[in-house]
Amino acid sequence: MAITKAIILSAGKGSRLLPLTENRPKCLIEVSGRSLLEWQLQSLAANGVKEVVIVTGFRDDLVDAVAARWPGVRTLFNPFYHVADNLGSVWLARGEFDRDVLLLNGDTLVSPSLVAKVLATPNHAIIVTVDEKDEYDADDMKVLREGDRLIHIGKALEPGQYNAESIGFLAFRGEGPRLFTDQVEKMMHTAEGTLRWYLRAIDALAQETAVHTISIKGEEWQEVDFHEDVDKAAALTGRWAAAQRQRKRA
């Protein structure tokens, strides 16, 4: 069955991108005539994703205004965004994991073909989208996998303990949404819950049940965390925009 719903986590301010994010959330940084969020929504819509829930926080009013222009898109405000990491945003949105669903970080551009590849994966309960490269840095969300099975995920994995990186794009099918939200609920009941990334829940689940990965090596995507990433995102979306103009003229 096709996945037609997505949740986008866009509550954070993105302080590493100041002054660009002084008065707007990171997801609304504009590149090639559109915000990062609008590029995401376009890629999802091109693949039949008709319902999108955006978890907001900093300057939620601005994201609300963008969402209002897109059919099927709505927002969910996280009032704890300034004191909790993204596990808190997932916990707040736990009621939205009511069917097969995609989960994306709000700062990651993904091409329509990348989304199509994820949607075409086998019907595993939990799928983590990963890329592969020659070198990894301290900020990468590293992944150790055997075949397509995820063994561990985390930024602090030691050299030799990883062979891919998560791009912040997951698919949940069947019992996957329940397994994930149950684990999130369990972690939010601990003293450290508000300080955790939601991928810590994925790491914990991988010790108990099968969590699968799909490599999107060769597909186009870009995470935007630093100022140099904005330039890379502009170059990437510039190619996408040019291709769209060419298709319209054809």
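Keep in mind it's a predicted model, so treat the numbers as computed, not measured. (Residues numbered from 1 in each chain as written. Predicted model: local features only at pLDDT ≥ 70, side-chain atom pairs only at ≥ 80, totals over all residues. Heavy atoms only, no water.)

Draft legend 1. Inspection of the overall build of the protein chain at higher detail. Counting its secondary structure elements, the protein chain contains 7 helices and 13 strands. For 250 residues, the compact-globule formula gives about 18 Å, and the C-alpha radius of gyration of the protein chain, at 17 Å, lands near that figure. Projecting the C-alpha coordinates of the protein chain onto the three principal axes gives extents of approximately 50 × 35 × 35 Å. Counting every position in the protein chain, which comprises 250 residues, the buried fraction comes to 51%. Long-range pairs, those at least 24 residues apart, make up 71% of the contacts in the protein chain with a sequence separation of at least 6. Total accessible area computed for the protein chain in this model is approximately 11,500 Å², and 51% of it derives from carbon and sulfur atoms. Where the 30 positive side-chain charges of the protein chain centre and where its 36 negative ones centre are 5 Å apart. (Helix = DSSP H or I, 4+ residues; strand = E, 2+ residues; numbered from the N terminus. Rg over C-alpha atoms; globule rule 2.2 N^0.38 Å. Buried < 20%, exposed > 50% of the residue type's maximum accessible area, 1.4 Å probe, protein only. Contact = heavy atoms within 4.5 Å. Areas by Shrake-Rupley, 256 points an atom, 1.4 Å probe, with all protein chains shown as cover. Lys, Arg positive; Asp, Glu negative; His and termini not counted. Charge placed at Lys NZ, Arg CZ, Asp CG, Glu CD.)

Draft legend 2. The arrangement of the packing of aromatic side chains in detail. Tallied over the entire structure, the rule returns 6 aromatic pairs. Centroid distance F172 to F180: 4.7 Å. Interplanar angle 20°. Geometry classified as stacked. The residues F172 and F180 share a single accessibility class, namely buried. By way of ring pairs, the aromatic residues F97, F172, F180 and Y198 are connected into one cluster. Directly above the ring of W39 sits R34, whose terminal nitrogen or CZ lies 4.5 Å from the centroid. (Phe/Tyr/Trp six-rings, centres within 6.5 Å; stacked < 30°, edge-to-face > 60°. Lys NZ or Arg CZ within 6 Å of the ring centre and 35° of its normal.)

Function cannot be inferred from these measures alone, as they are strictly geometric.
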